[in-house]
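# Structural characterization, general
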Amino acid sequence: MTTITTHQAQPSAPIPGSGADLVLSGISKHFADFTAVEEMDLTIPSGTFIALLGPSGCGKTTTLRMIAGLEAPTAGTISIGGDDVTKLPSHKRPVNTVFQSYALFPHLSIIDNVAFGLKQKKVRDAMAQAKAGLEMVELAHLANRKPAQLSGGQQQRVALARALVNRPRVLLLDEPLGALDMKLRRQMQVELKKIQMEVGLTFIHVTHDQEEAMTMADVVAVMNQGRIEQMGNPRELYELPRTAFVANFLGKSNLMPGTVVADAGDSVVVDVAGQRMELPKSRAVKTEGQIVLGVRPEKMRIAEVHMQGFEHAGNQLLGTVLDASFTGVSTEYLVEVPGIGTVGTFTQNLGQDPAKPGDEVRMSWEPEYTFGLDREDDLSAGVDAS
Amino acid sequence: MSVSLDKPRGPAPKKPRDLRSAEEIKVEKKKGRMGLYLILPGMAYMALFFAAPVVVLLSMSLFVKPEGAEIGEFVPGWNWAAYGDMLGHYWPVLVRSFVFALIATIAALIIAFPMAYLVAVRLRGKPLLKGVLLVLLVAPFFSSFILRTQAWKQILADEGFIAQTLKAVAILPQDASLTATPFAVICGLTYNFLPFMMLPIYASLERLDVRLLEAAGDLYASPVRTFAKVTLPQAMPGVFAGTLLTFIPAAGDYVNAAILGNNRDTSMIGQVIDSRFFKVIDYPGAAALSVILMICILILVLIYIRRFGTKDLF
Amino acid sequence: MYKTKLGKWFIPVVGGLAFVYLLVPIAYIFVISFNDGGKSNLQWKSFTWNNWANPCGAPGACESLGSSLSVGAIATLIATVLGTAVAIGLVRYRFRFRATADLLIILPLATPEVVLGASLLAQFLNLGWDLGYWTVIIAHVMFCMSFVIVTVRARVSGLDGRLEEAAADLYAGPMQRFWKITFPMLLPGIVAAALLSFAMSFDDFIITNFNSGTFSTFPKFVYVSAARGIPAQANVIGSAMFILALLIVIITQVFAYRRRKALAAQ
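Residues numbered from 1 in each chain as written. Chains lettered and ligands numbered in written order. Predicted model: local features only at pLDDT ≥ 70, side-chain atom pairs only at ≥ 80, totals over all residues. Heavy atoms only, no water.

Inclusion rule: UniProt positions are given in the numbering used here, feature names are shortened, and annotations may be inferred rather than shown by experiment.
For chain C, the name recorded in an unreviewed UniProt entry is ABC transporter permease, with Galactobacter caseinivorans as its organism. According to the UniProt record, the Subcellular location (unreviewed entry) comment for chain C reads "Cell membrane". Of the comments in the UniProt record for chain C, the one headed Sequence similarities (unreviewed entry) reads "Belongs to the binding-protein-dependent transport system permease family. CysTW subfamily."

Looking up chain B in an unreviewed UniProt entry gives the name ABC transporter permease, with the organism given as Galactobacter caseinivorans. Of the comments in the UniProt record for chain B, the one headed Sequence similarities (unreviewed entry) reads "Belongs to the binding-protein-dependent transport system permease family. CysTW subfamily." Regarding chain B, the relevant UniProt record gives this comment under Subcellular location (unreviewed entry): "Cell membrane".

### Observations concerning the overall build of chain C
Filter applied, for reference: Helix numbers and strand numbers start at the N terminus; a helix is a DSSP run of H or I with at least 4 residues, a strand a run of E with at least 2. Think of it in three bands: with a 1.4 Å probe and only protein chains considered, a residue is buried below 20% of the maximum accessible area for its type, exposed above 50%, and partly exposed in between. Should any heavy atoms of two residues lie within 4.5 Å, those residues are considered in contact. Accessible areas in this description were obtained via Shrake-Rupley with a 1.4 Å probe; residue shielding takes into account the shown protein chains only. Charge convention: Lys and Arg are scored as positive, Asp and Glu as negative, and His as well as the terminal groups of each chain are ignored. Positions of charges follow a simple convention, taking NZ of Lys, CZ of Arg, CG of Asp or CD of Glu.
Helix and strand counts for chain C come out as 11 helices and 0 strands. Going from N to C terminus, chain C has its helices and strands arranged as α-α-α-α-α-α-α-α-α-α-α. The principal-axis extent of the C-alpha atoms belonging to chain C is close to 70 × 60 × 40 Å. Per-residue burial for chain C yields a buried fraction of 53% across its 266 residues. A separation of at least 24 residues holds for 71% of the contacts in chain C among residues at least 6 apart in sequence. Carbon and sulfur atoms form 69% of the exposed surface of chain C, whose accessible area is close to 11,800 Å². Put simply, chain C has 20 plus and 11 minus side-chain charges, and the middle of one group is 11 Å from the middle of the other.

### A short note on the pairing of strand β1 (residues 22-30) of chain A
Residues and elements named next belong to chain A. Test applied: Note on pairing: two strands pair once DSSP finds at least 2 bridges between them.
Of all 9 residues in β1, 7 are buried, a share of seventy percent or more. Direction of pairing for β1 relative to strand β4 (residues 75-80): antiparallel, over a ladder of 5 bridges. Counterpart to Leu22 in the pairing with β4 is Ile80. Strand direction decides the pairing type here: β1 and strand β2 (residues 35-44), joined by 6 bridges, are antiparallel. Counterpart to Lys29 in the pairing with β2 is Val37. What sits between the antiparallel neighbours β1 and β2 is a turn of 4 residues.

### Observations regarding the interface of chain C and chain B
One widely used convention gives an interface's size as the accessible area the parts lose upon coming together. Heads up, the condition is: Two parts placed together each lose some accessible area; with a 1.4 Å probe, that loss summed over both constitutes the buried area. Definition used for salt bridges: Asp or Glu carboxyl oxygen within 4 Å of a side-chain nitrogen of Lys or Arg. For this analysis, a polar contact is any N or O atom pair within 3.5 Å, provided that within protein one partner can donate a hydrogen and the other can accept it, and provided that sequence-adjacent residues contribute only side-chain to side-chain pairs.
In this complex, chain C contributes 95 residues to the contact, which on the side of chain B involves 87 residues. Both sides together, the interface formed by chain C and chain B hides about 8,300 Å², and carbon and sulfur atoms give 81% of it. At the surface where chain C touches chain B, the tally comes to 1 salt bridge. Ionic pairing is found between Arg148 of chain B and Asp203 of chain C, a salt bridge with its closest N-O pair at 3.2 Å. Connecting chain C to chain B are 8 residue pairs in polar contact (both at pLDDT 80 or more).

### Observations concerning the UniProt feature "transmembrane region" (unreviewed entry) in chain C
Residues and elements named next belong to chain C. Summarizing the sequence annotation, UniProt attributes the feature "transmembrane region" (unreviewed entry) to residues 9-34, 69-91, 103-125, 131-152, 181-202 and 236-257 in the numbering used throughout. Its end C-alpha atoms 31 Å apart, residues 131-152 is made of 91% helix and 0% strand. Between the C-alpha atoms that bound residues 236-257 the distance is 31 Å, and the span itself is 100% helix and 0% strand.

### Some remarks on the sheet that holds strand β17 (residues 330-337) of chain A
Residues and elements named next belong to chain A. For clarity, the threshold we go by: In this analysis an axis means a line fitted to C-alpha atoms, helices contributing only their contacting stretch, and an angle means the value between N-to-C directions, from 0 to 180 degrees.
Sheet architecture is open: 5 strands sit in the order β15-β19-β16-β17-β18, paired in antiparallel fashion. Either end of the sheet is taken by a strand with one partner, and the two such strands are β15 (301-304) and β18 (341-348). In this sheet, adjacent strand axes meet at a mean angle of 45 degrees when their direction is disregarded.

### A word on the side chain of His205 of chain A
Residue and element names in this part refer to chain A. Here His205 is to be found in strand β8 (residues 202-207). Note on His205: relative accessible area 1%, which makes it buried. Among the polar contacts made by the side chain of His205, one reaches the side chain of Glu212 at a distance of 2.9 Å. Each residue touching His205, except ones within four places of it in the same chain, is listed here: Phe49, Ile50, Ala51, Leu52, Leu173, Pro176, Leu192, Glu212 and Met216.

### Regarding the pairing of β8 of chain A
Sheet faces and side chains relate simply in a regular strand, where the side chains alternate between the two faces. Residue and element names in this part refer to chain A. To be explicit about the condition: Look down the strands so they point away from you; if going from the first strand over the helix to the second traces a clockwise path, that crossover is right-handed.
Across the 6 residues that make up β8, a large majority, 6, are buried. Burial along β8 is two-sided: Thr202, Ile204 and Val206 and Phe203, His205 and Thr207, pointing in opposite directions, are all buried. In this sheet, β8 lies alongside strand β7 (residues 170-174) in parallel orientation, the contact comprising 5 bridges. Considered in β8, the bridge of Asp174 is made with Val206. Once the chain exits β7 it traverses helix α5 (residues 182-199) before rejoining the sheet at β8, and the crossover so formed is right-handed.

### Some remarks on the domain arrangement of chain C
Residue and element names in this part refer to chain C. Note the cut-off: For the domain bounds, the source is a domain assignment made automatically or taken from a database. Just so you know the grouping, Ala, Val, Leu, Ile, Met, Phe, Trp, Tyr, Cys and Pro go in nonpolar, Asp, Glu, Lys and Arg go in charged, and all remaining residues, Gly too, go in polar.
Under the domain assignment, chain C is made up of domain 1 (5-50) and domain 2 (59-265). If you look at the interface, domain 1 gives 10 residues, while domain 2 gives 10 residues. Interface area for domain 1 against domain 2, summed over the two sides, is near 730 Å², with a carbon-plus-sulfur share of 64%. The largest share of the area that domain 1 buries against domain 2 comes from Ile26, Ile29 and Ser33, three residues that together contribute 42% of it. For the pair domain 1 and domain 2, the number of links is 0 salt bridges. Across the domain 1-domain 2 interface, the total number found is 0 residue pairs in polar contact (both at pLDDT 80 or more). Considered class by class, the residues forming the side of domain 1 that touches domain 2 number 5 nonpolar, 4 polar and 1 charged.

### Focus on helix α10 (residues 269-278) of chain B
Burial analysis of α10 of chain B places 7 of its 10 residues in the buried class, which makes it a mostly covered element. The complete set of buried residues in α10 of chain B reads Ile269, Gly270, Val272, Ile273, Asp274, Arg276 and Phe277 of chain B.

Structural data, given as structure tokens:
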């Protein structure tokens, strides 16, 4: 997880006139037999690239469809740039969507697909603008083909051009890269981000791929069971998850139940299966009673138990290596810790070979990497949801 | 709707209370009403000119002929006698109709399957030839079913080329005929309903994934096994629809029997219904026979659907 | 492609023979249409162009053809419009009475033509309507509509509903969505249904025979004249209609094929 450094800054300043604040207030969506979105409040400043991240069924697509006007909310209001659009049908909203399936019109040529929205809006030079849109995605030479004659990646770019040429105030992307292979996906992620920076529109990107969300978005909103669990810039979310779901869904976490036993000023002391750990108060959701202590695997160091020079680190766990798998760049360890269970960690390949299965090891990490969660959370929430 | 992709994983709510707001339910109902407007004209038509006529037919089968009435004059009543009379007289004809239809259906299936396979599987990637063959299948409709049946009569006639050749090589006895026989009627039925058998099978085989056949071959399945385990199951919906679309009209047909048959052992139930209506002017009898035919077919079809059927037949 | 030694020749030969079998009577009709065989036209006598030069020579032949074409066109038009609406309504909307509607569509397909013909006749007698042109059209619309609904419905269910959502997202209102997206996508299915419908109507004898009174269609003309010998002109008309249908479809197919190729080559 070292590639997240590029877009961690604050949302870029809105470019005047090119986007609009999108405000969802108290939005709910109930279907006959289940609730898709529950009382959601969300304000997206103009020009932001926001990712709605979550497992399938978390309500992210429904949220997107409500913004597009393809689904009416059961309660709440949606406004774009101050105008209430809640009651506006889809075709009257200044919003365009890039669909997961691309949804290109198979009976129309590529250029007619791209010009469709412009013609509906009765734009004068629709064809010229469509042509320019195709040039932007470098597909002008395929203008007269039919969608079926294009590859998946090309269709995806046509879908993007078809939405972008209308200069919507908000562009919605519904897992637009889901159907592409890994390599193309990476390439399109970079391209999409570049285009967003150029046009300065508000992009709302729905995805279940955490890496994609973190690479591209200024702001990531993690959704679970119809609610936003946590929202923030990617690094903040990763380093300081506030719920077990976020901790597990966004990367991996070691979560250990414990009890606060003492107050030490800026931090508290937590008893985890007989081990005393330090937890900064600023990194804890809860600072007394029953809590859950968390730490990211890559923040831990691992060493054979009698090895000198590691005792000083703040928080420690002792255990027995169950499994060590060498992956080239790193070695991943599963360590059995009495009273806690299995803890995962890994070491960068610096040439050393710290431990083998069966070895007694010590794992240590700086207290400032520790985070504290509520004991009420389901510790396995989001573990294999992605 | 793509909503179904987004179903929550959590446990389903215990009681199926409708979670939508009153307004949403109203919108949904309004949408449903729009659908009703779309189907209403067509359905009203079907009610008026299919369902109502069947009811009229039923009631007509119970009409009575008053004392001293003129020919064709009947009054409404509850006279069930026509059913007994007709069944008593014509049950052999009814049975024969079904036997002929059954043999013709099996024969059509045997002929249509290779045709459908040829066009749907072998000619993949040759759209032009495939298109031509498909057109050849439907184009005969335009030369008229009666004319083609009449043509068969003349092709198979005693003085015709085929009958003469068969007699010359002694396959056919000198005093026998090809026309005016049960054989000729069954041939005509097979011929006339062949497209109805072939097209559904073709539609099913069209979707057959050729890679499955290759995979089966790779796994050392014999051609026969491959056919039985891969091709046939894929073709089943088509075979099912095709057999019904052949058997039902064949059982009620009377043109083939009238043109290619004789007066002794080939008459079919359709001929009887026709003559009861137009020659004997026995409306209750004709109606009763129609009702009997319809009920028999519905029973046979229901048994067939129960035994082999899929729900999404048509 | 998958082949075995047996399958290699078996399928093409048997399938090919089946097509030959299908076309034998057509060939016969075509050949005999050049026969100078007098009234009965049963035996080959001598070659003549006369029948083709004068296809309306037999009394009633061309009138009946005209009736068949006109009945076919009107019945197809009505059945296609009503049937397409039903097909869209059934697939796209949920409402009560669906089961009843399904039954009303499927049952006519599962009812032999004699019964359909007889029950309609009973209805017309009951209503006291005179049999003729309009009763034949009413009957044809009824059995064609089931075929149209079944054919178009398959197409509607195959239609990706997301395309209409995409159109809505691109500022198209309900009417524009239907005419610019839904309708063009359904069109091949609707055309196929209309062609099938026309063919069925044109070729129908049994139901027509029950409901036409003295009004004559081409199949009825052939059937009635069969007693005295079918005039060679009927064979001319049958052959010509077959060839015409064949040509029209093949030419459109070749055009579509060329266009696809040209597009692919671009």
